[in-house]
Amino acid sequence: QVQLVESGGGLVQAGGSLRLSCAASGVTFSSYGMGWFRQAPGKEREFVASISRYGTTDYADSVKGRFTVSRDNAKNTWYLQMNSLKAEDTAVYYCLAGRSSWSRGQKDYDYWGQGTQVTVSA
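For the structure given in this document, a descriptive report is provided here. The structure presented is a predicted model; accordingly, all values stated were derived computationally and were not measured.

## Overview of the pattern of salt bridges
Next up, step 1: All told, the structure shown has five salt bridges when counted by the stated rule.
Next up, step 2: Among the salt bridges present, the one from Arg 38 reaches Asp 89, with a minimum N-O distance of 2.9 Å. With a gap of 51 residues between them, Arg 38 in strand S4 (residues 32-39) and Asp 89 in the loop between strand S8 (77-82) and strand S9 (91-99) connect regions that are remote in the sequence. Exposure class is identical for Arg 38 and Asp 89. Each is buried.
Next up, step 3: Here Asp 89 makes a salt bridge to Arg 66, at a shortest N to O gap of 2.8 Å. Highlighted residues: Asp 89 in the loop between S8 and S9 and Arg 66 in the loop between strand S6 (57-59) and strand S7 (67-72), separated in sequence by 23 residues. Exposure class is identical for Asp 89 and Arg 66. Each is buried.

Calculation rules
- Residues numbered from 1 in each chain as written.
- Predicted model: local features only at pLDDT ≥ 70, side-chain atom pairs only at ≥ 80, totals over all residues.
- Heavy atoms only, no water.
- Salt bridge = Lys/Arg side-chain N within 4 Å of Asp/Glu carboxyl O.
- Helix = DSSP H or I, 4+ residues; strand = E, 2+ residues; numbered from the N terminus.
- Buried < 20%, exposed > 50% of the residue type's maximum accessible area, 1.4 Å probe, protein only.

Below is the structure:
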């Protein structure tokens, strides 16, 4: 059974940092790419960042230069380091995993985590 468990969300002031983690089980971790998506209240879920099985990364323009996605194959965990946070980064953040996928499209992924809330106060 595949499970993705996000952690690391919380409340932070604007300009602060958080690191999200997504721990995977039930998959051959090194064979999977993953993506981070987020959904703010009243808005559609949007792409944030992704990383391929080989470590190639992609970022939405809104987070480029502030967020960094990474992976630790030894720990079966992906990370999203978020710096210089803004109020508009407030959302529920989801990690998605797909075999050989790291696209910007949610439909290209096979598994979803439950989400973790990030709230940035202005």
